[in-house]
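One-letter residues, chain by chain:
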2 protein chains.
Amino acid sequence: METVFFVTGFIGVIAVGIAFLLAKKIAGYDSGNERMREISEYIHKGALAFLKSEYKYLSVFISAVFFILIFAISLKTAMAFVLGAVFSILAGFFGMTVATKANVRTAEAARHSQSRALKIAFSGGAVMGLSVVGLGVIGIGFLLSIFSDDTSSLTGFALGASSIALFARVGGGIFTKAADVGADLVGKVEAHIPEDDPRNPAVIADNVGDNVGDVAGMGADLFESYVGSIISSVTLGYIVLDKFGAVFPLLLTSIGIIASIAGIYIAANGRGNNPQKSLNMGTYTAGIIVIIGTLVLSYLVLDSISAFFAVTVGLLVGILIGRITEVYTSADFRSVKNIALESVSGSATNIISGLGVGMFSTMIPTLLIVTGVLVSYFVMGGVDDPTMGLYGISLAAVGMLSTTGITVAVDAYGPIADNAGGIAQMADLPPEVREITDRLDSVGNTTAAIGKGFAIGSAALTALSLFASYAESVELTSINLLNPLSLVGLLIGGMLPFLFAALTMNSVGKAANEMVTEVRRQFREIEGIMEGTGKPDYDRCVAISTKAALREMILPGVLAVVIPVVVGLLFGPETLGGLIAGAVVTGVLLAIMMSNAGGAWDNAKKYIESGEHGGKGSDAHTAGVVGDTVGDPFKDTSGPSMNILIKLMSIVSLVFAPVILEYGGIIIKLFN
Amino acid sequence: METVFFVTGFIGVIAVGIAFLLAKKIAGYDSGNERMREISEYIHKGALAFLKSEYKYLSVFISAVFFILIFAISLKTAMAFVLGAVFSILAGFFGMTVATKANVRTAEAARHSQSRALKIAFSGGAVMGLSVVGLGVIGIGFLLSIFSDDTSSLTGFALGASSIALFARVGGGIFTKAADVGADLVGKVEAHIPEDDPRNPAVIADNVGDNVGDVAGMGADLFESYVGSIISSVTLGYIVLDKFGAVFPLLLTSIGIIASIAGIYIAANGRGNNPQKSLNMGTYTAGIIVIIGTLVLSYLVLDSISAFFAVTVGLLVGILIGRITEVYTSADFRSVKNIALESVSGSATNIISGLGVGMFSTMIPTLLIVTGVLVSYFVMGGVDDPTMGLYGISLAAVGMLSTTGITVAVDAYGPIADNAGGIAQMADLPPEVREITDRLDSVGNTTAAIGKGFAIGSAALTALSLFASYAESVELTSINLLNPLSLVGLLIGGMLPFLFAALTMNSVGKAANEMVTEVRRQFREIEGIMEGTGKPDYDRCVAISTKAALREMILPGVLAVVIPVVVGLLFGPETLGGLIAGAVVTGVLLAIMMSNAGGAWDNAKKYIESGEHGGKGSDAHTAGVVGDTVGDPFKDTSGPSMNILIKLMSIVSLVFAPVILEYGGIIIKLFN
């Protein structure tokens, strides 16, 4: 048993070690001419400035929750919480620091060859990916070693990860879109200067946003899913199969990390002429290694291949959800082309058809998740032993997330390539360099869409798996919808994602308005800014985005943490169970709808820009820009925030289960 | 017992009798000059043409379902189904015929006085309201008399009502928005002619649409809720309190009809200077009569006042949901003003803030519904006897719908006033006439928003009440979310409203495109059409809307009917239960979001047109028009269709409960 904990932790150390080596290698590459270094330094400093402010808020938050946990639950849980938070912060900090170094080196490498540029950008992403999985299993292995089989404290670790994810994903989402929308509205629309033009004061904030939202935010989101699914599986595994049940997901995770390292090696060293193919090769290799490894593992540890099927179905569902996302968001397929066509009759028809695509796109992912749930439950014999079935669902989640290392690497590659393009533009590099970065960036857009689909699917399975653990913890055998207390929980839970989406969308609107005002002010007051002789005040724009992001995430954050506890205390564990189920259902659906609608609008605009329906400057293009702007907060703020909301509410319920079990249902007790 | 059935039916006959008297009185009013009569005749004929085509489809559909029911359930149920369908058709036909007569007479009356115009318009609405409740209770009373206590056949009646509601609401919604969007896009935007200009070939179709969608569609929707809630309450009442339980909702319904008649009398004879006040007076009077009557009834029939509380909370929740709708959709409050302000920075920010308002507006109605469910369940002693609690929920639904007579009257008044304005415009009546009709119309917009909120609230409670009856019928004591079969049902059910919304939005888009093409063709090919010498081909536009509406509703309609049966047969009754619950949750939320966003966009545009932010022709106005156009299918097609979807799926499940009980769960049985 202890050996397994040690092995798990050791493989985590290897992953982090490789991440360090990669980081060192990246730092050794040429960082270009002085202008490039200067711009890169701005982005790097802006990102650090955001992180510094965020950590101030975080230290208050972490301390407060730490004391609440000591008081309400246990010191062990409180300590695990701090560890989870610190590890998530470390992964984010490390990944983002490297990403902000890899961007300029990618731009420089693009002056020489596409394959070298791809390698650096992807290596930068791999640092994030390996940090996420490495630190995740080091933390879990360490806690298991010292707490041995007291798995309940482990949930504290997941709560820590979840809290940071909230800050990183929601705050990051608001930061990046406030900067993006603000930069576009004044720069592109009013001042008619191109995107990524260094005269635009918000341009650095925009590039910082890519790192804050898409690198650190996405990383924290998947770190949360990753540790949440493992912990929930270990917890359920102990219950149904004693230590064998706990050991299996840990070993599976280790295989997944080794597979990811192999996949990363293949992807980074692929020939550069087809970047998409290299990335796919890496991903598929990792998947195949996991499948073969699990088959062996399933036999050796559990003496049956049922678990193999549960894991494999999870892995496949994850890949398929990612792929189907492409069908709705890529210009190669009908949906996006149709939005472009509808743009010809104006903005309204563009919006209507985009919303239609988003809503329609919920169907297949839902059916895929449903298939994953059913197969993993029944294949593990859930009919005779329901808890065993729930363990199966948690294994599917771990299976889906087993290759998180390479998934995050592929995903974080996108914003690095995007940044590299921005730097090439700002530093006036020759057009053929920009051509290479554009090609890398367009691959990044596809991987981003796939990554978003994957993040939603994994959030759904992780939340369901945590939901099952919660039910075990509060000793529920039934959450009965014919009991109005469950039904009421379901209704309230279903409403919360709508509320959360409304709040985050309004936040982006408010923050973007502040940015617009500031950019206009600088254009007006700084002399020679348009001629390139006056220097825009980049820091001020970064500060505005930072402040707005941190301020605006407080309300949704508090809601996500407080509502489950309050509902549980007032109405009892069954209502809270209904609430989680309701939130998962509408949260997943809204996340899919918003991400896909946003992605589809984005690519419909690009499709028009490529010359269709009159191309740039046509009426169709104007409509396309409107759709794209609506889609920005959809796909990069509100949509991804849903992942955090449903996982955070599940984990909060799980951590506070003992309290709710003892004191829950105050109102009901009053009336009885 | 039989006496009560007789009394119920008799009061229904009185309601229908009064409706006939009102219709006769309306027919006796002056129908204006020749031009007005001509226009009115076009609208009247157009509406009949739509109905005729619709009935062709319906006769096939009704025959098919009739035979399926005989074969799968029973002859009694099949006959009740036909009766329900026929009665719903009758109510719609009668109400719409009178509405298309009342419109021109309202316009003519507006030449003399506002109070007379109000009286005619409202009397026209009252015909629809009284037909709905009258025919509803006649049908139920008749079926109870002949089938005595075999309440299961009654569900056939509700299924009949539900099927027609699908055709009327979804088909009507597509009809009206295809015509509206088509007329606006070519007429207002391209040809720069005002709204309701007789030179626009789609103008008659647009006015027909008001009657088809807002009069007949809304009527059929509430007819369905009305009979569905009564039948479900009678069914549950029999189980828990034998005949007393069945008699109570019937007598309550009778009181509600008497109260509605009294309210209608007061509203129709109020002084005309403040139409909103007259309508409110009528509604409140009816509510107070029901509350007092229920208090007495509760004592006399059930020997306790618990039922009084259940009924009252339902009634109050209905009124409050309606009122809160106003807060989000009226220009007197912050939400709409904020959308107008955001319109200044363009279409994208207008759309984002409108979607935000819609999403945010789900919170309070959800909490109101939750309160209604909890109070009505617990006050009836649901803790000790769950079925009794479910009976309480059904009583809340009946309570909410008890004053349907006046609610529909107020609601149907709106499109009549709107039509009257259109006729005044087309017939070139003097501006002071148009002023009066505009004032009546603006009151109609408020009542429409309130009515939409009420329709959603009542659909939610009715669906939950049918859901409870379904669970009883398939002998479920638990729909356990920890059983993945329920959870899977919940996920699929939750996804269906998104799919349904996507399909109906796309349908409006397609149909509107056909209309645009036709209007452009007529402008191009008919000589002298712009000078008023050539006559536009109105019939052709009506035919296009008709054809598109009926064609486009087939797929969503089939899905709504087939999916519950297929899921029940494949996965069994518990999965189907989860499916209904999931559909109700997301259906209600999407309905609220779409209706309120649509209403808010509409009024934000009107607010800008009133001179704010630059008024008509400003950039803010352009953005406002985009929001309004997106809101059209939201609030008049997809949003209201959700009501039908959730009720229809519940009722289909209830009717096919015996089949699902016996053969359900084929896949599960295969694996066991």
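Remember, predicted model here, so these are calculated numbers, not experimental data.

Draft legend 1. Region of interest: the overall build of chain A. Counting its secondary structure elements, chain A contains 21 helices and zero strands. Computed over C-alpha atoms, the radius of gyration of chain A comes to 24 Å, within 12% of the 26 Å expected from 2.2 N^0.38 for 672 residues, which places it in the range of a compact globule. Each principal axis of the C-alpha distribution contributes one length, and for chain A these read about 70 × 55 × 45 Å. Here chain A holds 672 residues, and 69% of them are scored as buried. Counted over contacts in chain A with a minimum sequence separation of 6, partners at least 24 positions apart contribute 84%. Approximately 21100 Å² of chain A is accessible, and the part contributed by carbon and sulfur atoms is 63%. The averaged location of the 53 negative side-chain charges in chain A is 5 Å from the averaged location of its 40 positive side-chain charges.

Draft legend 2. Representation of the UniProt feature "site: Determinant of potassium dependence" (unreviewed entry) in chain A within the structure. Residues and elements named next belong to chain A. UniProt records the feature "site: Determinant of potassium dependence" (unreviewed entry) at Ala448, using the numbering of this structure. Counting through the fold element by element, alanine 448 comes out in helix 14 (residues 431–473). Look at alanine 448 and you get partly exposed, because its relative accessible area is 24%.

Draft legend 3. Here's a closer look at helix 14 (residues 431–473) of chain B. Relative to the 63 Å expected for 43 residues at 1.5 Å per residue, helix 14 of chain B spans 60 Å between its end C-alpha atoms, a close match to the ideal helical length. At the C-terminal side of helix 14 of chain B, B:Glu475 shows a positive phi close to 60°.

Draft legend 4. Broad picture of the interface of chain A and chain B. Facing the 62 residues of chain A at the interface are 62 residues of chain B. Across the chain A to chain B interface the summed buried area is about 5900 Å²; carbon plus sulfur atoms make up 86%. The three residues of chain A that bury the most area against chain B are A:Met359, A:Leu482 and A:Phe498, which together make up 13% of that side's buried surface. Connecting chain A to chain B are zero salt bridges. At the junction of chain A and chain B, the tally comes to six residue pairs in polar contact (both at pLDDT 80 or more). Elements with a minimum of two residues in the side of chain A that touches chain B: helix 10 (347–360), helix 11 (363–379), helix 14, helix 15 (484–525), helix 18 (573–609) and helix 19 (619–655) of chain A. Looking at the side of chain A that touches chain B element by element, the count peaks at 17 residues for helix 15 of chain A.

Draft legend 5. Region of the structure containing the packing of aromatic side chains. Under the criterion given, the structure shown has 22 aromatic pairs over all chains. Each ring, one from B:Phe66 and one from B:Phe67, has its centre 5.4 Å from the other, and the planes form 75°; the classification is edge-to-face. Considering the side-chain rings of B:Tyr377 and B:Phe378, the 5.2 Å spacing of their centres and the 85° angle between planes classify their relative orientation as edge-to-face. Look at B:Tyr377 and you get buried, because its relative accessible area is 4%. Pairwise contacts between aromatic rings join A:Phe87, A:Phe157 and A:Phe223 into one cluster.

Draft legend 6. Up close: the packing of helix 2 (residues 34–72) of chain B against helix 16 (residues 538–552) of chain B. Residues and elements named next belong to chain B. Direction vectors running N to C along helix 2 and helix 16 enclose 30°, while the axes themselves pass 10 Å from each other. With respect to each other, helix 2 and helix 16 are oriented roughly parallel. You can see that helix 2 and helix 16 cross each other, and the crossing is right-handed. On helix 16, the residues that touch Tyr42, Gly46, Phe50, Ser53, Glu54 and Tyr57 of helix 2 are Tyr538, Val542, Thr546, Ala549 and Leu550.

Draft legend 7. View of the layout of surface pockets. Estimated volume of the second largest pocket: approximately 670 Å³. A:Arg334, A:Asn338, A:Val357, B:Asn506 and B:Lys510 are, among the 29 residues lining the second largest pocket, the residues nearest its centre. Those elements that provide at least two residues to the lining of the second largest pocket are helix 8 (306–329), helix 9 (334–343) and helix 10 of chain A together with helix 5 (154–190), helix 15 (484–525) and helix 17 (554–571) of chain B. With nine residues, helix 15 of chain B is the largest single contributor of residues to the lining of the second largest pocket. Of the residues belonging to the lining of the second largest pocket, the class tally is 15 nonpolar, 10 polar and four charged.

Draft legend 8. The arrangement of the relation of the copies chain A and chain B in detail. Relative to chain B, chain A is turned by 180° and slid 0.0 Å along the rotation axis, the superposed coordinates differing by an RMSD of 0.0 Å. Here the transformation between the copies is reduced to the relation of a two-fold axis. Taking C-alpha positions as the reference, the residue of chain A nearest the rotation axis is A:Asn480, at 2.2 Å. In this assembly, 100% of the residues forming the interface of chain A have copies in chain B that are likewise at the interface, indicating an isologous arrangement.

Here is what the cut-offs are and how they apply
- Residues numbered from 1 in each chain as written.
- Chains lettered and ligands numbered in written order.
- Predicted model: local features only at pLDDT ≥ 70, side-chain atom pairs only at ≥ 80, totals over all residues.
- Heavy atoms only, no water.
- Helix = DSSP H or I, 4+ residues; strand = E, 2+ residues; numbered from the N terminus.
- Rg over C-alpha atoms; globule rule 2.2 N^0.38 Å.
- Buried < 20%, exposed > 50% of the residue type's maximum accessible area, 1.4 Å probe, protein only.
- Contact = heavy atoms within 4.5 Å.
- Areas by Shrake-Rupley, 256 points an atom, 1.4 Å probe, with all protein chains shown as cover.
- Lys, Arg positive; Asp, Glu negative; His and termini not counted.
- Charge placed at Lys NZ, Arg CZ, Asp CG, Glu CD.
- UniProt positions renumbered as here; feature names shortened; annotations may be inferred.
- Expected span 1.5 Å × (residues − 1).
- Buried area = accessible area lost by both parts, 1.4 Å probe.
- Salt bridge = Lys/Arg side-chain N within 4 Å of Asp/Glu carboxyl O.
- Polar contact = N/O pair within 3.5 Å; in protein donor to acceptor, adjacent residues only side chain to side chain.
- Phe/Tyr/Trp six-rings, centres within 6.5 Å; stacked < 30°, edge-to-face > 60°.
- Axes fitted to C-alpha atoms, helices over the stretch in contact; angles between N-to-C directions.
- Parallel < 35°, antiparallel > 145°, perpendicular 65-115°, else oblique.
- Left-handed = near helix turned anticlockwise from the far one by under 90°.
- 1 Å grid on protein atoms, 1.4 Å probe; cavity = no way out; pocket = protein on both sides within 12 Å on 5 of 7 lines; lining within 4 Å.
- Points joined across faces, edges and corners; volume = space filled by probe spheres on them.
- Nonpolar A, V, L, I, M, F, W, Y, C, P; charged D, E, K, R; others polar.
- Least-squares fit on C-alpha atoms with pLDDT ≥ 70 in both.

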